[in-house]
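Observations on the three-dimensional arrangement
Below are the chains, spelled out letter by letter.
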Amino acid sequence: MIATLKSFTVKEICEGFVYNELEGKGLFGLSGKLIIQPEYQRNYIYADGKRDAAVIDSMLKGYPLGLIYFNKVDDDHFEVLDGQQRITSIGRFYTMKFGIIDSNGIPQYFKGLPYEKQKQIEDYKLLVYICEGEETEIKEWFKTINIAGIPLNDQELSNAIFSGPFVTAAKAEFSNTRNANVQMWKTYVRGEPNRQGILSVALDWVSAVSISDEEAKKYKLPKKEAYMAKHRYDKGIDELKTYFNTVIDWVSTIFDMTESEMCGLEWGRFYETYHNKAYNPKEIHDKVEKLYGDYYVKNKRGIFEYILGGEVDTKLLEIRVFGEDVKRNVYAKQTKKAEADKTSNCPLCANENNSNKTKIWKFAEMDADHVTAWSKGGATDPSNCQMLCKTHNKSKGNK
């Protein structure tokens, strides 16, 4: 790859600057010769009144903004390889999309600045490396230079590697903060759209069921990346969109609530495991409320899979365990009685006809157990505690 150092003034870069307010993208500059946000770039994330303002403040103070990299597409056209956050911030300020806050707390827009300040910004020089090379070289370099600063996350890197019409369409649907569905999606999916969080989950869900292990091996990629490689040049995202919406519709129908613990659960796996089972949403609602109000349930996030699975796997709920003092007191009482009765201090061993019938287990060889299982109404208090040998405690479950 060849890299040539050049400089451009802010005025040159911002000539013909276009910003898409709807999608949060700086699109073009340099009189239409510069693509500011090619497919493989992340969305604009500096629009927070701090990072974008810091870029402008640095220019006004004469501080360097660091090197910027362009990829040379042809003799007259370039695309931003690194620096699109800075360039988009500059372009947005230059075209009056936001103002910097002065010492009196009043926003100052570019055209409201004194003439000498406007001139200082327009004449500010950006140092740019013009890079020329093959697509694979450019994208490998793109990954390398994005190690510093705000690093690309895995999905942003995947978008770069598998850029094409599929990624473009997928980002338009799942990475658009103006999409009316985003707030509803975020009830169930963790991650910001402009950092590709929702898109990443949608791809996880659909690839898990549509890419076989053999197909992933053929691509020599994990399933999600194999899915992106397979569909890279598709112009539509029907399968991805349909499957994601199917999962969301299913969970939102069964659970008619929006608890914070629902966000980020494995809803794709839950759907595949349980969607053929019928549920009564009213009954589900009552069960969730009851479990949320149960003092002994430590893991509220486990409630949803616990209910979907037929309320069997109590490990999902991490029921509060008996304290060490309670266990030692119960052990001492059971052992004292067992020794007097010449029987095992494990009640279940004592009822069997084998060599363990009279065995006195050490404290470390026993576990605490609910006499009446928690799932059957048993409380986690000393009166409902018994010590069992580890083998019997493991096999007892909720019996």
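Quick look at the structure, then. Note that the structure is a prediction, hence the values are computed from the model and not measured. (Residues numbered from 1 in each chain as written. Predicted model: local features only at pLDDT ≥ 70, side-chain atom pairs only at ≥ 80, totals over all residues. Heavy atoms only, no water.)

Glancing now at the packing of aromatic side chains. A complete count under the given rule lists 23 aromatic pairs for this structure. Seen from their ring centres, Phe166 and Tyr227 are 6.0 Å apart, and the 65 degrees between their planes marks the pair as edge-to-face. Residue Phe166 is located in helix H7 (residues 165-174), and its partner Tyr227 is located in helix H11 (residues 223-230); the two are separated by 61 residues in the primary sequence. By the burial criterion, Phe166 is buried, and Tyr227 matches it. Aromatic ring contacts, followed pair by pair, group Tyr188, Phe255, Trp267, Phe270, Tyr292 and Phe304 into a single cluster. (Phe/Tyr/Trp six-rings, centres within 6.5 Å; stacked < 30°, edge-to-face > 60°. Helix = DSSP H or I, 4+ residues; strand = E, 2+ residues; numbered from the N terminus. Buried < 20%, exposed > 50% of the residue type's maximum accessible area, 1.4 Å probe, protein only.)

With that settled, the discussion passes to the nonpolar core. In this structure, Leu240, Phe255 and Trp267 are the most contacted members of the largest nonpolar core, which totals 51 residues. Within the residue set of this core, elements represented by two or more residues are H7, helix H8 (182-185), helix H9 (197-210), H11, helix H12 (238-254), helix H13 (267-274), helix H14 (281-292) and helix H15 (303-308). At eight residues, H12 tops the list of elements feeding residues into this core. Among the nonpolar cores identified, the runner-up in size contains 35 residues, and Ile13, Tyr46, Leu65 and Ile130 belong to it. (Core = buried A, V, L, I, M, F, W, Y, C linked by side-chain atoms within 4.5 Å.)

Further remarks concern the side chain of Thr88. Mapping Thr88 onto the fold places it in helix H3 (residues 84-94). Separated by 2.7 Å, the side chain of Thr88 and the backbone oxygen of Gln84 make a polar contact. Once residues within four sequence positions are removed from consideration, Thr88 is found in contact with Phe17, Tyr19, Gly26, Ile36 and Tyr44. (Polar contact = N/O pair within 3.5 Å; in protein donor to acceptor, adjacent residues only side chain to side chain. Contact = heavy atoms within 4.5 Å.)

Pairing is possible between side chains of opposite charge, provided their charged atoms come close. Here the structure, examined in full by the defined rule, presents 22 salt bridges. In this structure, Glu173 and Lys241 form a salt bridge, with 3.8 Å as the shortest nitrogen-oxygen distance. Highlighted residues: Glu173 in helix H7 and Lys241 in helix H12, separated in sequence by 68 residues. Look at Lys241 and you get partly exposed, because its relative accessible area is 36%. The shortest N-O distance in the salt bridge between Asp367 and Lys390 comes to 3.1 Å. Within this pair, whereas Asp367 is found in strand E10 (residues 366-370), its partner Lys390 is found in helix H18 (residues 390-396), the two being separated by 23 residues in sequence. (Salt bridge = Lys/Arg side-chain N within 4 Å of Asp/Glu carboxyl O.)

In this section: the packing of H7 against H12. It is the contact of H7 with H12, at a shortest axis distance of 10 Å, that shows an interaxial angle of 30 degrees. Compared by their axis directions, H7 and H12 come out roughly parallel. Of the two possible hands of crossing, H7 and H12 adopt the one that is right-handed. Contacts between H7 and H12 involve Phe166, Ala170, Glu173 and Phe174 from the first element and Leu240, Lys241 and Phe244 from the second. Residues belonging to the contact of H7 with H12 are distributed by class as follows: five nonpolar, no polar and two charged. (Axes fitted to C-alpha atoms, helices over the stretch in contact; angles between N-to-C directions. Parallel < 35°, antiparallel > 145°, perpendicular 65-115°, else oblique. Left-handed = near helix turned anticlockwise from the far one by under 90°. Nonpolar A, V, L, I, M, F, W, Y, C, P; charged D, E, K, R; others polar.)

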